[in-house]
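Here are the chains, one letter per residue:
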Amino acid sequence: MDNWRDLRYLAALTIPLSAAISIYFEGLWSYFTPVYAFVIIPILEVLLPQDTSNLVGAEKQRKENSRFFDWMLYLNLPIVYGLLGYLLWHVGTSDHAPYELVGLCLSLGIVLGVNGINVGHELGHRQQTSERFLGKALLLPSFYMHFYIEHNFGHHAHAATPEDPATARYNQSVYSFWFTSVTRQYRKAWKIQQKLLAKKERGFFSIKNDMLWYVLLQLAYLGLVLVIFGATALWFALGAGVVGFLLLETVNYIEHYGLIRKKMPSGRYERVRECHSWNSNHVIGRIVLYELTRHSDHHYKSAKKYQVLDCHDVSPQMPYGYPTSMVLSLVPPLWFAIMNPRVPNEMKPETDSFSLA
């Protein structure tokens, strides 16, 4: 029965479940979440077959209208904040060895990246204000609320061009990309906000200045952590947030690595097509990341819900799933050896760099 197959998306909750295991057993088990996410899942991706099928007809319509898939997203809000609150209390009131704190910080950071930012990204594309609000709330613990503005008003317009901070250039390492993407996205988010305010003839201190609200909310969050849970918990929250947004940036890195749109004689770039994002049909990664791995179709039709995203034959295909590819990206020579030959020749620059302005 197809309705029962929908339940496979419950596997997306195995990331916070692995974090709960890390918290409960502690010791070396503190590292269970990173081992699960970046060792066990990649092994499963290699062993299990890919699924290139697309939904059609009545089944596609049923899934698109099913509230189950929406609630799968909403459920992440209490899960993420529940784990966050418990860990901050636990770290602030109990003694832990430094290696345990690192393991728990990595575990929480992975939850903030996968079930926080990733789900926040999906909800940020929704039309209902309440869903976008939930999406922004999921971005807060990773200090990445500005992602909503830059991603929706910047990245989707400029993806696969030198103007996009979240597009990794050919032969750029992930470590270089972390710095350029984080800093440029934040600056661009402010520029976009200023343009939006100018269109409405509003000033910097307008109540409509979302970027200012994001700064205040994130500072208030850190202030509350310090006052309620103490200095150790504050450093723990900062570390987990950084892990969360670096996880996102690693995903950004692999999603568009080396793919560039042609510039037309008019000076404008060709429209974003399915060939401007890396696609993966590895089943485990697809489910755990709420179909983020079918990124080509997401850019082609950004309002499309995750459960009905399609695979396109013209999309460049990753040899491995997203979790495996993220691990490979951390070893730049290995990443370049695997991915550079797969970048279409017409997209490779004459020189191995382009402007980061």
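What you see is a predicted model; the values in this text were computed from it and never measured.

Cut-off values and rules
- Residues numbered from 1 in each chain as written.
- Predicted model: local features only at pLDDT ≥ 70, side-chain atom pairs only at ≥ 80, totals over all residues.
- Heavy atoms only, no water.
- Core = buried A, V, L, I, M, F, W, Y, C linked by side-chain atoms within 4.5 Å.
- Buried < 20%, exposed > 50% of the residue type's maximum accessible area, 1.4 Å probe, protein only.
- Helix = DSSP H or I, 4+ residues; strand = E, 2+ residues; numbered from the N terminus.
- Contact = heavy atoms within 4.5 Å.
- Axes fitted to C-alpha atoms, helices over the stretch in contact; angles between N-to-C directions.
- Parallel < 35°, antiparallel > 145°, perpendicular 65-115°, else oblique.
- Left-handed = near helix turned anticlockwise from the far one by under 90°.
- Nonpolar A, V, L, I, M, F, W, Y, C, P; charged D, E, K, R; others polar.
- UniProt positions renumbered as here; feature names shortened; annotations may be inferred.
- Salt bridge = Lys/Arg side-chain N within 4 Å of Asp/Glu carboxyl O.
- Patch = residues over 30% accessible without salt bridge, like charges linked within 9 Å, V, L, I, M, F, W, Y side chains within 5 Å.
- Areas by Shrake-Rupley, 256 points an atom, 1.4 Å probe, with all protein chains shown as cover.
- Lys, Arg positive; Asp, Glu negative; His and termini not counted.
- Charge placed at Lys NZ, Arg CZ, Asp CG, Glu CD.

Ranked by size, the top nonpolar core spans 84 residues in total, and within it Ile-15, Tyr-221, Tyr-253, Tyr-257 and Trp-335 carry the most contacts. Considering each element in turn, this core owes the most residues, 11 residues, to helix α12 (residues 231-256). Apart from the residues within four sequence positions on either side, Tyr-221 is in contact with Leu-84, Leu-88, Leu-140, Pro-141, Phe-143 and Ala-237.

Moving on, we get to the packing of helix α6 (residues 76-93) against α12. In the contact formed by α6 and α12, the axes pass within 8 Å of each other and the chain directions differ by 135°. Judged on the interaxial angle alone, α12 and α6 are oblique. Of the two possible hands of crossing, α6 and α12 adopt the one that is right-handed. Side by side, α6 and α12 meet where Leu-87, Leu-88, Val-91 and Gly-92 of the first sit next to Thr-232, Ala-233, Phe-236 and Ala-237 of the second.

The next subject is the side chain of Ser-142. By the element assignment, Ser-142 lies in the loop between α8 (129-139) and α9 (147-158). Residue class for Ser-142 comes out buried when judged on its relative accessible area of 0%. Setting aside residues up to four positions removed in sequence, Ser-142 forms contacts with Leu-112, Ile-117, Gly-241, Gly-244 and Phe-245.

So, about the packing of helix α7 (residues 98-124) against α12. At a closest axis distance of 7 Å, the pairing of α7 and α12 adopts a crossing angle of 50°. Between α7 and α12, the angle is such that the two are oblique. As for the relative orientation of α7 and α12, their crossing is right-handed in sense. Here Leu-101, Leu-104, Cys-105, Leu-106, Leu-108, Gly-109, Ile-110, Leu-112, Gly-113, Val-114 and Ile-117 of α7 come into contact with α12, specifically with Phe-236, Gly-239, Ala-240, Gly-241, Val-243, Gly-244, Phe-245, Leu-247 and Leu-248. When the residues that make up the contact of α7 with α12 are grouped by side-chain class, the tally is 15 nonpolar, 5 polar and no charged.

In this section: the UniProt feature "transmembrane region" (unreviewed entry) in the protein chain. Under the local residue numbering, the UniProt record ascribes the feature "transmembrane region" (unreviewed entry) to residues 7-25, 31-48, 68-89, 101-120, 211-229 and 235-254. End C-alpha atoms of residues 211-229 are separated by 27 Å, and the span's content is 100% helix alongside 0% strand. The span residues 235-254 carries 100% helix and 0% strand; its end-to-end C-alpha distance comes to 29 Å.

What follows covers the pattern of salt bridges. Applying the stated criterion across every chain yields a total of 14 salt bridges. For Asp-70, the salt bridge is made with Arg-126, and the minimal N-O distance between the two is 3.0 Å. Residue Asp-70 is located in helix α5 (residues 67-74), and its partner Arg-126 is located in the loop between α7 and α8; the two are separated by 56 residues in the primary sequence. Among the residues examined, Asp-70 registers a relative accessible area of 2% and is labelled buried. Arg-126 gets classed as buried once you look at its relative accessible area, which sits at 7%.

Turning to a positive patch on the surface, a few remarks are in order. Taken together, the side chains of Arg-187, Lys-191, Lys-195 and Lys-199 make up a positively charged region of the molecular surface. Note on placement: Arg-187 falls in helix α10 (residues 174-199).

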